[in-house]
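Chain residues, written in single-letter form:
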Amino acid sequence: MDSVLAVRNLVHDRVRLAITLVGVVFAVVLISIQIGLFLGFASTTSSLIDHSQADLWIMAAGTRNVDQSVAFSERKLYQALAVPGVRDATRLNVDFADFQRPDGGAESVLVVGLNPDNDLLRPWDIVEGDLRDLRYPDTIMIDELYRNKLGVTHLGQTVEISGHRAQVVGFTRGIRSFTQSPYVFTSTRSALDYSRVGIDQTKYVLVKTDPSADVRTVQAALADSIADVDVRTTGEFSRMTQFYWMFTTGAGLALLVAAFMGLAVGIVVVSQTLYATTVAHLAEFGTLRAMGASNRYIHGVIIRQAVMAALLGYVIGMLMTLICIHMLGDSGPAILVPGWLGALMLVVTVLMCVAAALISIKKITRLDPAMVFK
Amino acid sequence: MILNGLKLLSRRDDEPAPALAPEAIILRNVSKNYSAGKGALAAVSAVSLDIRCGELTVLMGPSGSGKTTLLSMMGGILRPTEGEIIICGQDLAAMPEEQRSAMRLAHVGFVFQSYNLFPTLTARQNVEVALDLKGIKGRQRRRSALALLDQVELSDKADEYPADLSGGQKQRVAIARALAGSPNLILADEPTGALDSVAGRRITKLFRELTRSKERAVVIVTHDSRVAGFADRVIQIEDGLIVADGPPSRPNAGPATLSATMVRRPSLVEPAWAP
């Protein structure tokens, strides 16, 4: 019966219920969008690393993220190949370059120079064109998200990067860049023309270890045998890059603060409306106390009201979040709402509403049952 | 106890002594003081009472005389400043709040002047709440609720909401709720106060019937002298003291100032409603 009483109390005043739900939905949408943006941005910052098949990354000592690093001698690639447990290694150049738009404007791009015949890193989700075309000199692939930004209208279009001509031979879908400089995929050879990396230099060496080798052991061996470099596992470098962009630049912190604000506003709105609902039914709670209901029973009614409001608000809020993400589509910012975030939001929403209900519980605990005789 | 003694003295010597029903509640020197400024205001002063099962007792007195305070203490809602309130051999006054709640739940049913029904629940659900509190669940709870509503002749209104019921019907639902779990003490605060005379009479008769089984005592606080006509016992309270205690037509003088009070209230002696 406590559940029936909770439901009836909650739905009795439709306007108050609507205000409660607005508070919960607002909090759910705001928190999930902000955390979704955080995850989307974090995922974007390390997408190059996460999509590689490499086990280890060799980079100049002190490198903190994949987009900004110092080139080092190509000879270190061969040193790496000589280390026991290394099955394969390849060069990777990531460097900023100037992209000349057909209308005369310029855009900054991140040129990703890779070996198209090596599977340690390739452009992924290719929707137009053929990866093998990148074997030819002065060919590039860009993401279709950046067609307008770069003024690229069709496959085969000739563009200009750092004063060199390049032909667009393919489009990928959904490869975003966190720095607002779109990724331009090309061969290692062509990348040398577009970037400031010297011909005998590289920014990274990607390493694949033998299946029988222990990655940590190979990592230590590479660090010992190659001077002035850092050797990171793919996971380590991914987390490092995400941390750099999300926290040292303040971008992630801003999103988390916004998510926290959503939580705070949600708690305030929900606690106000749940409190009002409780006060509206104060006489009934007084009657329950006079009848001998334990505090646990009465608190149970209030908590149930809060949980029901939370569940209703959660369902509506998550639906609205998914609709927002769908409406933004690929052209908007990356918003990731994985299953675990959905589950986390359910827990957060219920906790938020229960926390809000505590104020009402405090009021009820102090309720004098003698009020029933007044 | 003195008053009970007076009753026994008035019995003819050749009558066999009736077996006394067990006490539903015993009050011993119960007082309740409220702080008022630097001093204390005595709402109830050293009241001693035994109320037996099968008795319909009416507490009467002017406003502010302490009758509702006394009723609240009998139900364990208020804790007395001094004295003992014994229900089932346990002193309510000495119990902490949670324990008093549990005692209330197990042994006391309340009926209020303004019904205090849950407006969002149907008549049946209102009764079910009380049964639920007592740990009766599922179909058993539903069946018991309907049986209780049947007892107050409201089974046909089981699915109606309080807003759709008349005042008398609401009060009967409240009585059915108070009867949930068969408490041996029903405490009613002005149960006819918001009712017209016909509905009031019906409710009063219902209370009268509740005591027929001799397993339950009913205590009614009222200003309505007509209710007294149905009572086994009328207790007159003034300024927190019992000033009269006895059957409605033959009130006995209490230890204090009975006679004058009773003379001023002829309606107690000859109730306008004949039971």
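The structure displayed is predicted, hence computed values, not measured ones. (Residues numbered from 1 in each chain as written. Chains lettered and ligands numbered in written order. Predicted model: local features only at pLDDT ≥ 70, side-chain atom pairs only at ≥ 80, totals over all residues.)

Caption draft 1: Geometry of the overall build of chain A. Helix and strand counts for chain A stand at twelve helices and twelve strands. Taken over C-alpha atoms, the radius of gyration comes to 28 Å for chain A, far larger than the 21 Å a tight globule of 374 residues would show. Each principal axis of the C-alpha atoms in chain A carries an extent, and together these give about 95 × 50 × 30 Å. (Helix = DSSP H or I, 4+ residues; strand = E, 2+ residues; numbered from the N terminus. Rg over C-alpha atoms; globule rule 2.2 N^0.38 Å.)

Caption draft 2: Fine view of the overall build of chain B. Looking only at helices and strands, chain B has ten helices and eleven strands in total. Looking at the 275 residues of chain B, the share that counts as buried comes to 51%. (Buried ≥ 20, exposed ≤ 12 C-beta atoms within 10 Å, placed from the backbone.)

Caption draft 3: Fine view of the domain arrangement of chain A. Residues and elements named next belong to chain A. As far as domains go, chain A holds domain 1 (2-44 + 250-373) and domain 2 (62-227). A C-alpha centroid distance of 47 Å is found between domain 1 and domain 2. Residues of the side of domain 1 that touches domain 2, tallied by class, amount to two nonpolar, two polar and one charged. (Domains from an automatic or database assignment. Nonpolar A, V, L, I, M, F, W, Y, C, P; charged D, E, K, R; others polar.)

Caption draft 4: Broad picture of the sheet that holds strand 1 (residues 23-36) of chain B. All names here are of chain B. Taken together, four strands build an open sheet; the order of strands is 2-1-4-5 and the sheet is antiparallel. A strand with exactly one partner marks an edge of an open sheet, and here the two such strands are strand 2 (39-52) and strand 5 (90-91). Summarising the sheet, strand 1 and strand 2 pair through ten bridges and their orientation is antiparallel. Across the sheet, Glu-23 pairs through a bridge with Arg-52, a residue of strand 2. (Pairing = 2+ DSSP bridges.)

Caption draft 5: Looking closely at the nonpolar core. Core analysis: the biggest nonpolar cluster contains 128 residues, and Leu59(B) and Val127(B) have the highest contact counts within it. Per-element tally for this core: the top contributor is helix 2 (residues 14-45) of chain A, with 15 residues. Not counting residues up to four positions away in its chain, the partners in contact with Leu59(B) are Lys67(B), Leu70(B), Leu71(B), Val219(B), Ile220(B), Val221(B), Ile235(B) and Ile237(B). In this structure, Val94(A), Phe99(A), Val111(A) and Met141(A) belong to the second largest nonpolar core, which totals 55 residues. (Core = buried A, V, L, I, M, F, W, Y, C linked by C-beta atoms within 7 Å. Contact = placed C-beta atoms within 7 Å.)

Caption draft 6: Representation of the pairing of strand 4 (residues 82-87) of chain B in the model. All names here are of chain B. The pairing of strand 1 with strand 4 spans four bridges and is antiparallel. Each bridged residue has a counterpart across the sheet, and for Ile-26 the counterpart in strand 4 is Ile-86. Across two bridges, the pairing between strand 4 and strand 5 is antiparallel. By the bridge assignment for strand 5, Ile-87 is matched with Gln-90.

Caption draft 7: Structural context of helix 2 of chain A. Under the 1.5 Å per step criterion, the end-to-end length of helix 2 of chain A is 45 Å for 32 residues, consistent within 8% with the ideal 46 Å. In terms of burial, helix 2 of chain A is largely enclosed, as 23 of its 32 residues are buried. (Expected span 1.5 Å × (residues − 1).)

Caption draft 8: Highlighting the interface of chain B and chain A. Residue-level contacts link 22 residues of chain B with 20 residues of chain A. For the side of chain B that touches chain A, the secondary structure elements donating two or more residues are helix 2 (67-74), helix 3 (97-107) and helix 4 (123-133) of chain B. If you tally residues by element for the side of chain B that touches chain A, the top one is helix 4 of chain B, at six residues. Class assignment for the residues of the side of chain B that touches chain A results in eleven nonpolar, six polar and five charged.

Caption draft 9: Here's a closer look at helix 4 of chain B. In terms of residue burial, helix 4 of chain B counts as a mostly covered element, since eleven of its eleven residues are buried. Inspection of helix 4 of chain B places Ala123(B), Arg124(B), Gln125(B), Asn126(B), Val127(B), Glu128(B), Val129(B), Ala130(B), Leu131(B), Asp132(B) and Leu133(B) among the buried residues, and these make up the whole buried set. As for helix 4 of chain B, its buried residues are in contact with helix 1 (2-12), helix 10 (282-291) and helix 11 (295-328) of chain A together with helix 3, helix 5 (138-151) and helix 6 (167-179) of chain B. Directly after helix 4 of chain B, the chain includes Gly135(B), whose backbone phi takes a positive value near 85°.

Caption draft 10: Up close: the environment of Ala264(A). Of note, Ala264(A) is situated in helix 9 (residues 251-280). C-alpha of Ala264(A) to C-alpha of Gly105(A): the two residues are 159 residues apart in sequence and 44 Å apart in space.

Caption draft 11: Unusual backbone geometry, seen in detail. Residue and element names in this part refer to chain B. Backbone geometry at Ala-46 places phi at a positive 45°, although glycine is not the residue there. Its location among the elements puts Ala-46 in strand 2. With 16 C-beta atoms packed within 10 Å, Ala-46 lands in the partly exposed category. Despite not being glycine, Asp-239 shows a phi value in the positive range, around 50°. Structurally, Asp-239 is set in the loop between strand 9 (233-238) and strand 10 (241-246). Judged by the 16 C-beta atoms lying within 10 Å of it, Asp-239 is partly exposed.

Caption draft 12: Summary view of the confidence of the model for chain B. Residue and element names in this part refer to chain B. With 83% of its residues at a pLDDT of at least 70, chain B reaches an overall mean of 82. When the criterion is pLDDT under 50, residues 1-13 qualifies, and its contacts beyond four places in sequence or with other chains add up to nine contacts. In the model, residues 251-275 has pLDDT below 50 throughout and makes 52 contacts with residues more than four positions away in sequence or in other chains. (pLDDT = per-residue confidence, 0-100.)

Caption draft 13: Geometry of the pairing of strand 7 (residues 185-189) of chain B. Residues and elements named next belong to chain B. Across the five residues that make up strand 7, a large majority, five, are buried. Of the two faces of strand 7, the one carrying Leu-185, Leu-187 and Asp-189 and the one carrying Ile-186 and Ala-188 are both buried. As paired elements, strand 6 (residues 108-111) and strand 7 share four bridges and run parallel to each other. Bridged to Val-111 within strand 7 is Ala-188. Judged from the five bridges that link them, strand 7 and strand 8 (residues 217-222) form a sheet pairing that is parallel.

Caption draft 14: Examining the environment of Ile325(A) more closely. Residue and element names in this part refer to chain A. Tracing the sequence through the fold places Ile-325 in helix 11. Distance in space between the C-alpha atoms of Ile-325 and Gly-163 is 38 Å, their sequence separation being 162 residues. Those residues in contact with Ile-325 that sit more than four places away from it in its chain are Ile-335 and Val-337.

Caption draft 15: How the structure looks around the packing of helix 1 of chain A against helix 11 of chain A. All names here are of chain A. Two elements in contact, helix 1 and helix 11, have axes separated by 8 Å at closest approach and are oriented at 55°. Put simply, helix 1 runs oblique to helix 11. With respect to the hand of their crossing, helix 1 and helix 11 are arranged in right-handed fashion. Facing Asp-2, Ser-3, Leu-5, Ala-6, Val-7, Asn-9 and Leu-10 of helix 1, the residues of helix 11 in contact are Tyr-297, Gly-300, Val-301, Arg-304, Gln-305, Met-308 and Ala-309. A breakdown of the residues in the contact of helix 1 with helix 11 according to their chemical character gives eight nonpolar, four polar and two charged. (Axes fitted to C-alpha atoms, helices over the stretch in contact; angles between N-to-C directions. Parallel < 35°, antiparallel > 145°, perpendicular 65-115°, else oblique. Left-handed = near helix turned anticlockwise from the far one by under 90°.)

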